[in-house]
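Each chain, letter by letter, is given below.
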Amino acid sequence: MISHHPDIGWLQAFAAGELPTSLALAVALHLEACPACQQQVHDHEAWLARNSWHADSKTPLVADLPTEQWDAIFESIVTQPESLAAPPQPAPPQLQWQGQSLTLPRALRHLTIPPWQRIGKIGRARLALDGAGPERTSLLAIAPGTAIPEHSHPGYEVTVVLAGGIEDQGAHLGAGEFLLWEGAASHAPRSAEGCFCLTVMAAPLRFTRGWARLLNGCSDLLY
Ligand SMILES: [Zn+2]
């Protein structure tokens, strides 16, 4: 059971196509695992469609189309099931990291995933889809038994767990969980079982305790 979801404002912005690409990808990955949020997005899309219909009463009704256009649309609808019948599906691509494997979620299959950059026990693959904003989007592969030193986020961080699990703030977060972390509060996530996740960060993280603070000069490593 997923317990962390995007808030309703994010889901509505997703339905309206108003989120930056990086955040839209994070929401899409959550939706693949969360029927409840899928329903919220579906309901909002239906509401938007109804509103745009009333707002634009000049949109021609199908019944107003010339006969030959209507015939062509009808023909395409009735012939579609046959033309789509049972195309062979290739096996979904997999990512590997230190003995763990991830079947790529559908939302990631059309993207080019670069090779892992190794940062200790963490693999990072930065995705080339960020816009003009400060967001940076990466896939992270975390080996079993990895602890990330305590840190805070001067900007926000969105994490979507794709496989495996993370322990953070006393909670175990499994596949599909969507976390928004922002502000001065610090956390120290760890993964006993290992995990794959997607992160969107709006600024480098800041290590807040012990020797890890020495890493702040190069905290671009995980940004
Ligand atoms: Zn959800």
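**Some thoughts on the overall build of the protein**
Counting its secondary structure elements, the protein contains four helices and 13 strands. For the protein, with 223 residues in total, the buried portion stands at 39%. Once local pairs closer than 6 in sequence are excluded, the contacts in the protein between residues at least 24 apart make up 62%. By element, 57% of the accessible surface of the protein is carried by carbon and sulfur atoms, the whole surface being about 12800 Å².

**Structural notes on helix H1 (residues 8-15)**
For H1, the complete set of buried residues consists of Trp10, Leu11, Ala13 and Ala15. Its side-chain oxygen at 3.0 Å from the backbone nitrogen of Gly9, Asp7 defines the N-terminal cap of H1. A positive phi of about 70° marks Gly17, the residue just after H1.

**Comments concerning unusual backbone geometry**
A positive phi angle is found at Gln98, which is not glycine, with a value near 45°. Within the secondary structure layout, Gln98 lies in the loop between strand S1 (94-97) and strand S2 (100-103). One non-glycine residue with positive phi stands out, namely Gln169, at about 55°. Following the sequence through the fold, Gln169 ends up in the loop between strand S8 (166-168) and strand S9 (171-173). With a relative accessible area of 55%, Gln169 lands in the exposed category.

**Remarks on the packing of H1 against helix H2 (residues 21-33)**
Taken N-terminus to C-terminus, the directions of H1 and H2 make an angle of 105°; their axes are 10 Å apart at the nearest point. In terms of their interaxial angle, H1 and H2 are classed as roughly perpendicular. Residues Trp10, Leu11 and Phe14 of H1 form the contact with H2, whose own contacting residues are Leu23, Ala24, Val27, Ala28 and Leu31. For the contact of H1 with H2, the per-class residue count stands at eight nonpolar, no polar and no charged.

**Digging into the packing of aromatic side chains**
All chains considered together, the criterion is met by three aromatic pairs. Ring centres of Trp116 and Phe196 lie 6.2 Å apart, and the angle between their planes is 35°; on these two criteria the pair is classed as tilted. Taken together, the residues Trp116 in the loop between S2 and strand S3 (117-119) and Phe196 in strand S12 (residues 195-201) connect sequence positions 80 residues apart. Relative accessible area serves as the criterion here: at 21%, Trp116 is assigned to the partly exposed category. Judged by relative accessible area, which is 3%, Phe196 ranks as buried. Clustering of aromatic rings is evident, with ring pairs tying together Trp97, Trp116 and Phe196.

**Description of the confidence of the model for the protein**
Looking at the protein as a whole, the pLDDT averages 83, with 77% of positions reaching at least 70. Looking across the protein, the model is least confident in helix H4 (residues 67-83), with a mean pLDDT of 59, and most confident in H1, with 95.

What counts, and where the lines are drawn
Residues numbered from 1 in each chain as written. Predicted model: local features only at pLDDT ≥ 70, side-chain atom pairs only at ≥ 80, totals over all residues. Heavy atoms only, no water. Helix = DSSP H or I, 4+ residues; strand = E, 2+ residues; numbered from the N terminus. Buried < 20%, exposed > 50% of the residue type's maximum accessible area, 1.4 Å probe, protein only. Contact = heavy atoms within 4.5 Å. Areas by Shrake-Rupley, 256 points an atom, 1.4 Å probe, with all protein chains shown as cover. Polar contact = N/O pair within 3.5 Å; in protein donor to acceptor, adjacent residues only side chain to side chain. Axes fitted to C-alpha atoms, helices over the stretch in contact; angles between N-to-C directions. Parallel < 35°, antiparallel > 145°, perpendicular 65-115°, else oblique. Nonpolar A, V, L, I, M, F, W, Y, C, P; charged D, E, K, R; others polar. Phe/Tyr/Trp six-rings, centres within 6.5 Å; stacked < 30°, edge-to-face > 60°. pLDDT = per-residue confidence, 0-100.

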